[in-house]
Amino acid sequence: MELSSAEGASTRFLGLTQRSVSEDLGCRRGEFSRKHYGSVELLISSDADGAIQRAGRFRVENGSSGENTDYAPGTWHRTDVHLENPEYHTRWYFKYFLGKVHQNYIGTDAEKNPFFLSVVLSDQNNQRIPQYHSILWRKTGTQKICLPYSPTKTLSVKSILSAMSLDKFEKSPREIFHPEIQKDLLVLEEQEGSVNFKFGVLYAKDGQLTDDEMFSNETGSESFQRFLHLLGDTITLKGWSGYRGGLDTKNDTTGTCSIYTVFQGHEIMFHVSTMLPYSRENKQQVERKRHIGNDIVTIIFQEGEESSPAFKPSMIRSHFTHIFALVRYNKQNDSYRLKIFSEESVPLFGPPLPSPPVFTNHQEFRDFVLVKLINGEKATLETPTFSQKRQRTLDMLIRSLYQDMMPDLHKGNNMLNRRSFSDVLPESPKSTRKKEEARQAEFVRLGQALKLKTTVKGDTTANLATTSFCKKEPWESQSFCSNFPHEVVCADSWGQSLLVSTDAGILLIDDGQPSVQVFDKTLQIKQMNVLEALDLLIARTDKGKDSRILVFRLSDVQKDLETKKIIRSKYDCRENKLERTKGCHLYAINTHHGSELRIVVAIRNKLLLVTKKYNSHNTLTSTSLLSSPESPVEEFQYIREICLSDPPVVMTLVDGPTGDSDNMICVAYRHQFDLVNESTGESYRFHHVETNRVNFVAAIDVYEDGEAGLLLCYNYVCQYRKVFPFSGGSPLVQPSAYDFHFSWNQVPYAVVCAFPYVLAFTTDSIEIRLVVNGNLVHTAVVPELQLVASRSDIYFKATAAVSGSSDSSSKEMSSKSSPQTPTAYEKPELPLPSLEGEIPCKNLYKIPLSNLVGRSIERPLKSPLVPKVIATTTSSSITSLPVMQSRSLSRMEIKEIASRTRKELLGLLDEPIPKTESAQKLKTVFRRQSDPKQGAIRSSSSDRIISSSFEGYSERRHLSTSSDPDTLANREESSPPNYPFQLISLYDEDIIDLK
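Residue positions are counted from 1 within each chain, in the order its sequence is given. Totals for whole chains, interfaces and linings use all residues, but because this is a predicted model, local features are given only for residues with pLDDT of at least 70 and pairs of side-chain atoms are given and counted only at 80 or more. Think of the side-chain values as coming from all heavy atoms in the structure, minus any hydrogens and water.

As recorded in an unreviewed UniProt entry, the protein goes by the name GTPase-activating Rap/Ran-GAP domain-like protein 3, listed as coming from Cyanistes caeruleus. UniProt positions are given in the numbering used here, feature names are shortened, and annotations may be inferred rather than shown by experiment. The Sequence similarities (unreviewed entry) field of the UniProt record for the protein holds the comment "Belongs to the GARNL3 family."

## Looking at the overall build of the protein
By the criteria applied, helices consist of DSSP H or I runs no shorter than four residues and strands consist of E runs no shorter than two, each listed in order from the N terminus. Counting its secondary structure elements, the protein contains 18 helices and 50 strands. Within the protein, buried positions represent 56% of all 995 residues. In what follows, a contact means two residues having at least one pair of non-hydrogen atoms within 4.5 Å. A separation threshold of at least 6 residues defines the contact pool for the protein, and within that pool the share at least 24 residues apart is 66%. With the model as given, the accessible surface of the protein reaches about 43,100 Å², and the carbon-plus-sulfur share is 49%. For the exposure calls, accessible area comes from a 1.4 Å probe over protein chains only, and a residue counts as buried if that area is under 20% of its type's maximum, exposed if over 50%, partly exposed in between. In these tables, accessible area is a Shrake-Rupley quantity obtained with a 1.4 Å probe, and a residue counts as shielded only by the protein chains included in the view.

## Points about the sheet that holds strand 24 (residues 525-531)
Note: two strands are recorded as paired if DSSP finds a minimum of 2 bridges between them. Pairing is antiparallel in the open sheet, where three strands are placed in the order 24-25-26. Strand pairing shows two members of the sheet lacking a second neighbour, strand 24 and strand 26 (548-553), which therefore form its edges. Strand after strand, the sheet turns through a mean of 15 degrees between neighbouring axes, direction not considered. Relative to strand 26, strand 25 (residues 536-541) is paired through six bridges, and the arrangement is antiparallel. Bridge assignment links Arg-540 to a residue of strand 26, and that residue is Ile-549. Sitting on the sheet, helix 13 (residues 554-562) touches strand 24, strand 25 and strand 26, and the angle it makes with strand 26 is about 65 degrees. Lines fitted to the C-alpha atoms define the axes, with helices restricted to the stretch that makes contact. Angles between their N-to-C directions range from 0 to 180 degrees.

## Quick notes on unusual backbone geometry
At the junction of Gly-350 and Pro-351, the peptide bond is cis and its omega measures out at 0 degrees in the coordinates. Locating Pro-351 in the fold gives a position in the loop between strand 16 (335-343) and strand 17 (358-359). Here Phe-755 and Pro-756 are connected by a cis peptide whose omega angle stands at 10 degrees. Among the secondary structure elements, Pro-756 is positioned in the loop between strand 39 (750-754) and strand 40 (757-761). Phi angles above zero are rare outside glycine, and Lys-112 is one such case at about 65 degrees. Its identity as a non-glycine residue notwithstanding, Arg-604 has a phi of 55 degrees, on the positive side. By secondary structure assignment, the location of Arg-604 is in the loop between strand 28 (596-603) and strand 29 (606-613).

## Let's talk about the sheet that holds strand 31 (residues 650-654)
Judged by pairing direction, the sheet is antiparallel, and its four strands sit side by side in the order 31-32-33-34 without closing on themselves. Each edge of the open sheet is held by one strand with a lone partner, namely strand 31 and strand 34 (683-688). Between one strand and the next, the sheet's axes are offset by a mean angle of 20 degrees, whatever the strand orientation.

## Some remarks on the packing of helix 8 (residues 222-231) against helix 10 (residues 362-380)
Where helix 8 contacts helix 10, the axes come no closer than 10 Å and their chain directions differ by 70 degrees. Taken together, the axes of helix 8 and helix 10 lie roughly perpendicular to each other. For the crossing formed where helix 8 meets helix 10, the hand is right-handed. Along the contact surface, helix 8 presents Phe-227, Leu-230 and Leu-231, while helix 10 presents His-362, Phe-365 and Arg-366. In this count, Pro and Cys sit with the nonpolar residues alongside Ala, Val, Leu, Ile, Met, Phe, Trp and Tyr, while Asp, Glu, Lys and Arg are called charged and the others, Gly among them, polar. Partitioning the contact of helix 8 with helix 10 into residue classes produces four nonpolar, one polar and one charged. Orientation categories follow fixed angle ranges, with anything under 35 degrees roughly parallel, anything over 145 roughly antiparallel, 65 to 115 roughly perpendicular, and all other angles oblique. Each crossing gets its handedness from the near helix: less than a right angle anticlockwise from the far helix is left-handed, clockwise is right-handed.

## A word on the pairing of strand 22 (residues 505-509)
Regular strands have side chains that alternate between both faces of the sheet. Counted residue by residue, strand 22 has five buried out of five residues, so it is predominantly covered. Pairing of strand 22 with strand 23 (residues 515-519) involves three bridges; the strand directions are antiparallel. Within strand 23, the residue paired with Leu-507 across the bridge is Gln-517. The turn joining strand 22 and strand 23, which pair antiparallel and follow one another in sequence, is formed by five residues; a positive phi near 75 degrees is taken by Gly-512.

## Regarding the side chain of Ser-547
Counting through the fold element by element, Ser-547 comes out in the loop between strand 25 and strand 26. The buried category is assigned to Ser-547, whose relative accessible area is 0%. In terms of polar contacts, Ser-547 uses its side chain to reach the backbone carbonyl oxygen of Cys-584, at 2.7 Å. Aside from chain neighbours lying at most four places away, what touches Ser-547 is Arg-540, Thr-541, Asp-542, Thr-581, Lys-582, Gly-583 and Cys-584. Under this definition, polar contacts are N or O atom pairs within 3.5 Å; protein pairs additionally need one hydrogen-donor-capable and one acceptor-capable atom, and for neighbouring residues in sequence, both atoms have to be side-chain atoms.

## Things to note about the side chain of Arg-540
Here Arg-540 lies in strand 25. Neither His nor the chain ends contribute to the count of charged residues, in which Lys and Arg are positive and Asp and Glu negative. Whenever Lys or Arg places a side-chain nitrogen within 4 Å of a carboxyl oxygen from Asp or Glu, that contact is recorded as a salt bridge. Here Arg-540 occupies a buried position and makes no salt bridge, while the nearest side chain of opposite charge, Asp-542, is found at 9.5 Å. Those residues in contact with Arg-540 that lie beyond four places of it in its chain are Gln-524, Ile-525, Lys-526, Gln-527, Ser-547, Arg-548, Ile-549, Cys-584, His-585, Leu-586 and Tyr-587.

## Re the pattern of salt bridges
All told, the structure shown has 33 salt bridges when counted by the stated rule. The closest approach of N and O atoms between Glu-222 and Arg-226, which form a salt bridge, is 3.1 Å. Here the residue Glu-222 and the residue Arg-226 both occupy positions in helix 8, the gap between them amounting to four residues, near one helical turn. When its relative accessible area of 37% is taken as the criterion, Arg-226 is described as partly exposed. A single salt-bridge network, built from bridges that share partners, covers Asp-211, Asp-212, Lys-289 and Arg-317.

## Looking at the packing of helix 6 (residues 181-190) against helix 12 (residues 433-457)
Two numbers describe how helix 6 lies on helix 12: the axes approach to 9 Å, and their chain directions differ by 35 degrees. Of the two possible hands of crossing, helix 6 and helix 12 adopt the one that is right-handed. Residues Ile-181, Gln-182, Lys-183, Leu-186 and Glu-190 of helix 6 form the contact with helix 12, whose participating residues are Phe-443, Leu-446, Gly-447, Leu-450 and Thr-454. Its residues assigned to classes, the contact of helix 6 with helix 12 shows five nonpolar, three polar and two charged.

## Details of the confidence of the model for the protein
Scored from 0 to 100, pLDDT reflects the predictor's confidence in each residue. Of all residues in the protein, 68% have pLDDT values of 70 or greater, and the mean over the chain is 74. Scored below 50 in pLDDT, residues 1-28 shows 63 contacts in the model against residues more than four places distant or in partner chains. Contacts for the low-pLDDT stretch residues 909-936, under 50 throughout, to residues beyond four places or in other chains number 43 contacts.

Right, dumping it as structure tokens:
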């Protein structure tokens, strides 16, 4: 990349004097409110005479957040609707382990509770990123982590368990050899919850106030029938082979028909009150209540105007139903209004309702309701009622399995390995290689058969994941700078540009334009902040004893660029040094600098507090520039010095409730987070980390309804702690009811909060979760990822390999075997040095903050974020992309394909079906499903597939994921204009290789 001489800089940098949209949103990134998810109310129901019948505490979501928003009333952005903890991201054993060579261990902890550990070396979504996926099975649930793979460093079982905070054992773990253990571990994973759902649908006429009246409705209105048709398709129960949701499919004892659909791979059966058996003699309609009353989630479709008596959950006598979705239909504007009631103990779940909660787009309403109900049922399983029951079941299963294994452990037979837990996971000795190969082949064969059986039975999400065609997600990135050759040290956004500290000096980069050098490479900036509103650039330079804090005026820097003055060096910045900061190793500024800017500088174990008084006239005008002091250093004043017991590793400033002598500094060192009062220097123990080794990541100040809190990130943990009580006063040194925590799947090196999301950056992925509950919504695979800047828009650098020839494929890549994996069919593809003809490509990408915090959704240009369930076709021979509404293959069709596959492998067929013919049969199956005349089951409008991608699928098992602009351009040119991208959503685990 050539460095520009700043030609034409005067026009280019005019935009730097204007505050960007991202800058305006920057103050919102750390603000969130649980009020978006409703408030808890005491709801009381009474009979026609006014007598109180029942009462209960429910969280009521009515979409009335009370905040000003840029959204038009009644509209909702589809990108904000996500399934939380989706099964294709959470069912690790089925996805990464089953049918592949992996290790399983058994042991007991210090409290004599048995546990199981499963470890596999797998390729991260075919991105040649090998990782160890580990699952710890305990009675309290499963713990899942990813560990990096190193070809030069072995991994021990002890180190894996230590990463999971399990260091003491009553009995050391032993490896389990028997292949039947896969079936038992799959049963343990299924205890996390069903992948299919059954929801109740109760019809209520206008004025009905009791459940007996609602259950006694024989038929529904025309608007109710249209609502049922929107939810799904009417199916005949007798002979039904799909998910039945507890209904009778043989003798019609639960009715003759029902409503059924498939949504994003999940089968859903609706228990409709008017379709269940009706009895004139039984006023309570016990048969109907037996099904709907035992559903966790129930939809109430209520007729009548808004002024008529509203439904209350206490009207329904059920101890099992925890969530009610109240739906009303407005004939005047053909819209639906939604209201959610959740039992008080149900954790928060999304998506939050729009304000007002009125939907004029019926398809968006359907998608929103189904996602809300699925997330609600998953959240309900975390309530004490269900979690305690699940814990008892897990404890019973694990202890029973442990007792079955104990005799073999004492006998020392081939089922268990007697290696010590501290032994590593090496390859098998050569003397036993053949025996080990035979054992692994049997292990894989049984696992693949079990995987196929589970898929056919419908106990997993559909084998072809459904996804929206060209769906825009908030975290989709845009290409900012292609082929960036320099190593990035730190950076910050400046307007729409990026100021980057590199090994070649300080560069100013703008999208699509040559970079401009601001300082030469003699000035080594390790940390920087661009404060456009204050016309300041703050930077920490050099290292060790020579480290200093420098302060520049942005207007001076901009003027130098416009007038093409000589590039500044380290020796031109003597007048910009902040006093008393020599030898500093860290600094932090307050993110909400309203009345004053505060800087805390860490010099070993001393904190130096420096402030800059905010001048209301200090704006970027000619008057303010003339009235400002000659040196920006003169605008800062030293306040005080605070001594700590140890040098801080992480440091964050927290604004107090009043801002008057109650501002805090959060510091992390040793095994603790402390809060230090800026005015008095008094220190409070805020949080102690109960682990042997601590890797501090971040302490992020967030503000819930204006009250300060902290996201404490260390190791795999992200914990929210409230700093001040709502009434103000001293900080909360004890945990409060508002605190919560969750765990990452992989240890991040940086965490960024942009409500409603919190993003964890690792060396090869971005893990995206919701702030309010920690639920996972997406994991994007980004090879060799480096976060560059995140104060406003998020910038990161990622590398990719651009193939020199168009016909190269992954088959040319050799691969190494995983530990104890000599078989060729189980080798994960590992990263190799660049082959001849390949050019390393390093690009900068941007995720607009406006997309994440809920403003306008911009269409990304190019993205290196490779979703785990999406692959891009590379065949240039595809000339058309017919797009259809469809669902995944039904279990009957899977059985038919599986049966034919078995016969082919066993040689029972006279002639195997050619691949092209097999692909044609697959396409025929999907055409039949998409034809309404064939009685197909409708899925959501976003659930689409590309049938032409099935043809020759086996040859394209490993698809290219290059993000090079030329490659992407070639793909777009080869695609029809109506379909700029060629997408097919697949699960890695669905490719079943029967050996």
